[in-house]
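Examining the three-dimensional arrangement
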Amino acid sequence: MFFDENSYCYLNGKFIKLKDAKISPFDLGFIRGYAVTEVLRSYNGKVFLFNEHYIRLKTAVKSLRLKLKESKNEIEDILNKLMVKNKCNNAKFKLVLSPGIGKSDLDLGDNETLFIYAQEYIDFPKDFYTKGIKIISVNYKRNLNEFKSSNYIEAICLRKEMKDKKANEILYVLNDYVLECSTSNIFIIKDNILITPKQDILYGATRNFVLSFAKKHMKVEERNVTFKELLNADEVFITATTKQIMPVVRIDDKTINNGKIGENTLKLMEIFTQERDKRLKK
């Protein structure tokens, strides 16, 4: 089991153990998959990029006509209390918000379901960062890609294929244009220029954070990226809250940079840690 059922979560105003957490089978988040999510991370007891995640959450709330009773300060306080209750200063948080139960299974409810859990963050294998990973490509574009919904059907359906091909992430491509990965944003480096897709993607908090400091060290372009351009890149990496910067050395059957992590990627990984620590001290 990937979670501890005896750890604490927050559900609709109460801190309870996960094993005691219950929602109605008629909750629209369950019966229709109508819910938004956010994944956050803390380092040494401090939540990283909380404001950025909260802004995106509020955008999703407005777009899906949801209600969020808890204020920004209240949500941040919930995260901090969960870290204490579960004794996890380096935590991964998952927030799920649905409209609750409606008059029918197609009507929005009046009482939200807000579920948040926190657990000790378990890092990816060290080799992912020292040797790089493989990703596989599929023709797909997420609906409502500007925020995180609970719809991960494509990613879950393809997970066995991903593992069978000894890959670590799934890349979405549409009409020969690179979009994003199933749980990450993607970047390429060509001729010392950092390039990342701009349209039809989730603007990840980590993606935006990387762009904010990368501009000080190299030329940056946000624009359409063709699949051919991706395969001919000098360096490739993905970003996410749980992954930070993770190098990619293989895409389908194509090897990037002779299977070696590029110097620019290594430098950005180093700067990420420095800039992250600066932000956490504020």
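Let me sum up the structure you'll find in this document. For clarity, every value in this text was computed on a predicted model and none was experimentally measured.

Reading the values: rules and limits
Residues numbered from 1 in each chain as written. Predicted model: local features only at pLDDT ≥ 70, side-chain atom pairs only at ≥ 80, totals over all residues. Heavy atoms only, no water. Phe/Tyr/Trp six-rings, centres within 6.5 Å; stacked < 30°, edge-to-face > 60°. Lys NZ or Arg CZ within 6 Å of the ring centre and 35° of its normal. Helix = DSSP H or I, 4+ residues; strand = E, 2+ residues; numbered from the N terminus. Buried < 20%, exposed > 50% of the residue type's maximum accessible area, 1.4 Å probe, protein only. Axes fitted to C-alpha atoms, helices over the stretch in contact; angles between N-to-C directions. Parallel < 35°, antiparallel > 145°, perpendicular 65-115°, else oblique. Left-handed = near helix turned anticlockwise from the far one by under 90°. Contact = heavy atoms within 4.5 Å. Nonpolar A, V, L, I, M, F, W, Y, C, P; charged D, E, K, R; others polar.

**Some thoughts on the packing of aromatic side chains**
- In total, this model carries 13 aromatic pairs according to the counting rule given.
- Their ring planes at 25° and their centres at 6.0 Å tell us that Phe 124 and Phe 128 sit as a pair that is stacked.
- Here a set of aromatic residues connected by ring pairs shows up, and it is made of Tyr 43, Phe 48, Phe 209, Phe 213 and Phe 272.
- Seen from the ring of Tyr 121, Arg 41 lies directly overhead, with NZ or CZ sitting 3.6 Å from the centre.

**Considerations on unusual backbone geometry**
- Of note in this structure, Asp 176 is not a glycine but carries a positive phi near 70°.
- Counting through the fold element by element, Asp 176 comes out in the loop between strand S8 (169-174) and strand S9 (177-181).
- Judged by relative accessible area, which is 44%, Asp 176 ranks as partly exposed.
- The backbone of Asp 191 sits at a positive phi, close to 55°, despite the residue not being glycine.
- For Asp 191, a relative accessible area of 58% gives the class exposed.

**Side note on the packing of helix H2 (residues 50-63) against helix H3 (residues 72-86)**
- H3 packs onto H2 with a crossing angle of 125° between their chain directions and a minimal axis gap of 11 Å. Relative to H3, the element H2 is oriented oblique. Once H2 is placed against H3, the crossing between them reads as right-handed. Mapping the contact onto sequence places Phe 50, Asn 51, Tyr 54 and Leu 57 in H2 and Lys 72, Ile 75, Glu 76 and Leu 79 in H3.
- When grouped by side-chain class, the residues that make up the contact of H2 with H3 number five nonpolar, one polar and two charged.

By themselves these figures say nothing about function.
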